[in-house]
Every structure is written in structure tokens, then in C-alpha cells.
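Here's the letter readout for the chains.
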Amino acid sequence: MLLLLPGCALFTAENSAQSGLSSGLPWSKRKSASEAEDGPTLSMVRLEASIVRRPVNDARVRRHVWEELDESGLMSPDVRQRLNENGFRVGVAGSTAPWALQSLAQEAVAANRPSDLRQIAGTENQVSVGPAFSLMLEGKSLLEVQGPLDSSKLPLSQIPQLSALRDRSNMKCVFEVTVKELNEDWVLLNVLPQIHAGTETARLSVQGANDQLPVRQNVMPIYDHQFTVKLLTGEVAVIGYHESTEWNLGRLFFLPDTSSASSENLLMIRMAGIEELKGQSDPSFRLNSFGR
């Protein structure tokens, strides 16, 4: 199951007179200079994501897909080594997808939307990787890659990061994806592994003037294993399992089943494009608050 919770933000613009040409300014400055004339603008990144589940003997997941991904240019060697040692593997495919990734993406889309398998913009070797969603700057989504898991059947005591987790019932493995930077044709994403566990409880939250009671669990973020990835338009981030003889977080996320019929997971996140929304500020609008 793929859980998408896009973030949101409220934006306004000051009415001020600006003169001069803005074409020579950087993109972010140019956008600010034009807001006085055209109204406030809001940039959003359009992403696609899906979870591929394939038998462990499928060579595409284990070997072929990684042969054509860039793993070395994403992060510093020490960060990559720490992720690998804990079972995580991260790579990026260019806008022209390699055959193994293209094949896995087509199967993922066909499994979720059999009537909507398509190629993007008529470009060869580019396919949708899954459901689309949009995020603003600092917006967040939760991508559930595993769960719920039966903790009684897993050697969780061998994973030191889980030693502080008391209630291990209904355990789920989730990635929190946050937009850290946006530009005309690229986005910087922060990816944070999380463990969700415990009884699902309704908790009060407020969005605008509406009270809501979403169902939530206890959340344990694994800050030591968060990382950032930069994606150009059309590029795909791939997150999977780095093989190890020991039990670790990566195995819990991507290969917790040790039976002969087990499946290995692969998370794909594609940057489909950057969108700009234009609006007009309303000086009479006021956000409601308690007691008013």
C-alpha cells in the first residue's frame, strides 16, 4: 500500500511597485520580482511513486537495475557507506530509463492502474512509475513500503535502532519525503526512514477552521539514516536493499520475509515536473483561530 500525504502552505504577497527588468535575475529572484505585477506564485513539484514487489530470485531487482544507476554522485562516501552497512541502497536513473527499471515500472503501473499504462509525452524509454502527487516547498509525504509486520516472527532484537521501541505491534516501514529546495527543473528531496508502530489512535488536529481526527501510530524517525537526493525533470530515485548476512533496517524495510516465497521491495520516486500556480491575495481573508 502506498500512502501519500502531501503537505500544504498558505501564501500571500505584499503589494509593492517594482521597476526594471527581471530577466537577468536568478529564477527565484525573477519569480519574486514578477509577483507585484502578476500576483503571488507558488511552485510545486509533481512526483510519481510506487513500490515494486518481486520474487527475490528476480535478477532485475537484485542486480540488473543497479548496473545503470548513479550511486556514487548522490552523497558523500561516508553517508553512502553508513546506509549500505544498514541495508539501504540508493541510486538515480537519468530521464532515459534503463531497460530493467523501465520493465519494473511498467509492471508496477499495470498492477495499480491496468487501464492507464502509458509512456510519458511520447518519449521513448520513459514511463510513469506510479500514482502522481504534488508537494510545495517544505511539503511532506509518507510512503509506506512495508507493513503491517508481525514482530513476533522477526529477530528485531538484532536491529539496535529498535531497542527503544517498546510497542512493536502493527509495525510499518515508512519513508517521509520532504521538499527542501525547488528550481525551474530540479528538486532536492530529503528522505527520512521511519518506523510506525503501536495501536492506531485517533488524535485531534486542526486544518484551517476544521477539526479532524486522523488515525495515527507512534512514529520513530531514524535520523541517522536520512539522506538527500537531487532529481532533474524525468529522473527517478531508486531506494532498495543492500544485501547483507545480518539483520538490519534495510532488510526490515525491503526483505523481512525469509521464506522461500518471499518478495523483495524497491521504491521508485520520479520527478515529473515543476508547476507554478498563480493566485490573487485577498486582504479580507483571515485565518480563524480558537477563541475568536
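Structure first, text after, so check above.
Residues numbered from 1 in each chain as written. Predicted model: local features only at pLDDT ≥ 70, side-chain atom pairs only at ≥ 80, totals over all residues. Heavy atoms only, no water.

### Things to note about the overall build of the chain
Put simply, the rule reads: Numbering of helices and strands starts at the N terminus; helices are DSSP runs of H or I of at least 4 residues and strands are runs of E of at least 2. A simple rule labels every residue: compare its accessible area, found with a 1.4 Å probe on the protein chains alone, to the largest value its type can have, and call it buried under 20%, exposed over 50%, or partly exposed in between. For every accessible area listed, the method is Shrake-Rupley and the probe measures 1.4 Å; residues are considered covered only by the protein chains on display.
A count of helices and strands for the chain gives five helices and twelve strands. When burial is assessed residue by residue, the chain has 43% of its 292 residues classed as buried. When the accessible surface of the chain is summed, it comes to about 15,600 Å², and 47% of that surface belongs to carbon and sulfur atoms.

### Digging into the nonpolar core
Rule in force here: Among buried residues, the Ala, Val, Leu, Ile, Met, Phe, Trp, Tyr and Cys ones that are joined through side-chain atoms within 4.5 Å form a nonpolar core. Contacts: residue pairs with any heavy atoms within 4.5 Å of one another.
Core analysis: the biggest nonpolar cluster contains 49 residues, and Leu162, Phe175, Leu189, Ile195 and Leu252 have the highest contact counts within it. Here the element with the most residues in this core is strand E5 (residues 171-182); it accounts for six residues. Excluding anything up to four places from it in sequence, phenylalanine 175 contacts Phe88, Ser141, Leu142, Leu143, Val145, Val191, Leu192, Pro193, Ile239, Phe253, Phe254 and Leu267. The next biggest cluster of nonpolar side chains, apart from the first, holds 16 residues, and it includes Leu104, Ala108, Val129 and Val236.

### A short note on the sheet that holds strand E11 (residues 236-241)
Here is the rule we go by: By the convention used here, strands pair only if DSSP detects at least 2 bridges between them. Angles shown run from 0 to 180 degrees and are taken between the N-to-C directions of axes, each axis being a line fitted to C-alpha atoms and, for helices, limited to the stretch in contact.
On the basis of which strands lie adjacent, the open sheet formed by five strands has the order E2-E11-E12-E1-E3 and antiparallel pairing. Bordering the open sheet on either side are strand E2 (88-93) and strand E3 (132-136), each of which pairs with just one other strand. Ignoring which end each strand starts from, the neighbouring axes of this sheet average 25 degrees apart. With six bridges connecting them, E2 and E11 associate as antiparallel partners. Residue pairing in the sheet places valine 92 in a bridge with alanine 237 of E11.

### Here we look at the packing of aromatic side chains
Geometrically, a pair of aromatic rings is defined through the distance of the ring centres and the angle of the planes. For clarity, the cut-off: Centre distance within 6.5 Å is the pairing criterion for rings of Phe, Tyr and Trp, where only the six-membered ring of Trp is used; planes under 30 degrees apart are then read as stacked, over 60 as edge-to-face, and the remainder as tilted. Think of it as a cone above the ring: NZ of Lys or CZ of Arg counts as a charge over the ring if it is within 6 Å of the ring centre and within 35 degrees of the ring normal.
One pass over the full model with this rule turns up six aromatic pairs. Each ring, one from phenylalanine 88 and one from phenylalanine 175, has its centre 6.2 Å from the other, and the planes form 70 degrees; the classification is edge-to-face. Of this pair, phenylalanine 88 sits in strand E2 while phenylalanine 175 sits in strand E5, placing them 87 residues apart in sequence. Above the ring of tryptophan 186, the side-chain terminus of lysine 230 is found at 4.5 Å from the ring centroid. The residue whose ring lies beneath arginine 251 is tryptophan 247, and the NZ or CZ to ring-centre distance is 4.5 Å.

### Concerning the pattern of salt bridges
Threshold: Put simply, a salt bridge is a Lys or Arg side-chain nitrogen that is within 4 Å of an Asp or Glu carboxyl oxygen.
In the structure shown here, the tally under the stated rule is nine salt bridges. Put simply, arginine 60 and glutamate 107 hold a salt bridge, and the shortest N to O gap is 2.9 Å. Taken together, the positions of arginine 60 in helix H2 (residues 59-67) and glutamate 107 in helix H4 (residues 99-112) put the pair 47 residues apart, joining distant regions of the chain. The salt bridge involving glutamate 71 is made with arginine 89; its shortest N-O contact spans 3.0 Å.

### What about the pairing of strand E12 (residues 263-278)?
Pairing analysis gives 15 bridges linking strand E1 (residues 41-55) to E12, with the strands arranged antiparallel. Counted as the bridge partner of arginine 46 is glycine 273 from E12. Two strands pair when backbone bridges link them, and E11 and E12 are joined in this way by four bridges, in the antiparallel orientation. Looking at the pairing, valine 236 lines up with arginine 270 of E12.

### Focus: the side chain of glutamine 194
Worth spelling out the cut-off: The definition of a polar contact used here is a pair of N or O atoms within 3.5 Å, where within protein one atom must be able to donate a hydrogen and the other to accept one, and adjacent residues in sequence count solely through side-chain atom pairs.
Along the polypeptide, glutamine 194 turns up in strand E6 (residues 186-202). Here glutamate 176 takes part through its side chain, which lies 3.3 Å from a polar atom of the side chain of glutamine 194. For glutamine 194, the contacting residues outside a window of four places in its chain are Leu142, Lys172, Cys173, Val174, Glu176, Val219, Met220, Pro221 and Phe253.

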